[in-house]
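# Survey of secondary and tertiary structure
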Amino acid sequence: LAEWEQMKKAFDAAAKKVQNPDALTTSFLAIMAKPTGLTPILKDIDAALAKEQRKPATDALLIFYAKREPFSALIAKVIPKITDDALNNAAMDLLSELPALVTPTRSCCSDYVTGVSLWIPVSANTRRSALPG
């Protein structure tokens, strides 16, 4: 969640600096100013991870992926048409960092097994037997 808030803040800062935006940029900025729906889902993911709850984490991750994909597609479609360099860079940064929001490389996710269990530690008794191959 903190990473998302920083990413959004950086994008919003670049958006505020755009001068004389064309129609496409104006529309894009209006869409980006609206709530994305990612913040509450990321809160749910963080809460489920903190409590080591597999089902809520899985459910929240699926919702996140479902919301992230159209959001990413919109940004990817608009990036080539953005004429403001700073806004273009901010949009590219946002697009490139979105997948990293929920990856097993986050600091909370060390020593996990494959699949959804990458997100929740497996007990010491089952850790080795759960590993594939």
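See the structure above.
Right, let's walk through the structure included here. (Residues numbered from 1 in each chain as written. Predicted model: local features only at pLDDT ≥ 70, side-chain atom pairs only at ≥ 80, totals over all residues. Heavy atoms only, no water.)

This part takes up helix H1 (residues 2-16). With 15 residues, H1 extends 21 Å from end C-alpha to end C-alpha; this agrees with the ideal 21 Å at 1.5 Å per step. Contacts made by the buried residues of H1 are with helix H2 (23-33), helix H3 (38-50), helix H4 (54-78) and helix H5 (85-97). (Helix = DSSP H or I, 4+ residues; strand = E, 2+ residues; numbered from the N terminus. Expected span 1.5 Å × (residues − 1). Contact = heavy atoms within 4.5 Å.)

What follows concerns the pattern of salt bridges. Within the structure shown, the criterion is met by 3 salt bridges. Between Arg-68 and Glu-69 there is a salt bridge, and its shortest N-O distance comes to 2.9 Å. Owing to a relative accessible area of 11%, Arg-68 belongs among the buried residues under this scheme. Taking the relative accessible area as the measure of exposure, Glu-69 reaches 42% and is therefore partly exposed. (Salt bridge = Lys/Arg side-chain N within 4 Å of Asp/Glu carboxyl O. Buried < 20%, exposed > 50% of the residue type's maximum accessible area, 1.4 Å probe, protein only.)

A separate point is H3. Between the first and last C-alpha of H3 there are 18 Å, a value that for 13 residues agrees with the 18 Å anticipated at 1.5 Å per step. On its buried face, H3 sits against H1 and H4. At the C-terminal side of H3, Glu-52 shows a positive phi close to 55 degrees.

Time to look at the packing of H1 against H5. The interhelical angle for the contact between H1 and H5, taken along N-to-C directions, is 165 degrees, at an axis separation of 8 Å. As the angle between them shows, H1 and H5 are arranged roughly antiparallel. Between H1 and H5 lies a crossing of left-handed hand. Across from Trp-4, Met-7, Lys-8, Phe-11, Ala-14 and Ala-15 in H1, the residues of H5 making contact are Ala-86, Leu-87, Ala-90, Ala-91, Leu-94 and Glu-97. Considering only residue class, the contact of H1 with H5 consists of 10 nonpolar, no polar and 2 charged. (Axes fitted to C-alpha atoms, helices over the stretch in contact; angles between N-to-C directions. Parallel < 35°, antiparallel > 145°, perpendicular 65-115°, else oblique. Left-handed = near helix turned anticlockwise from the far one by under 90°. Nonpolar A, V, L, I, M, F, W, Y, C, P; charged D, E, K, R; others polar.)

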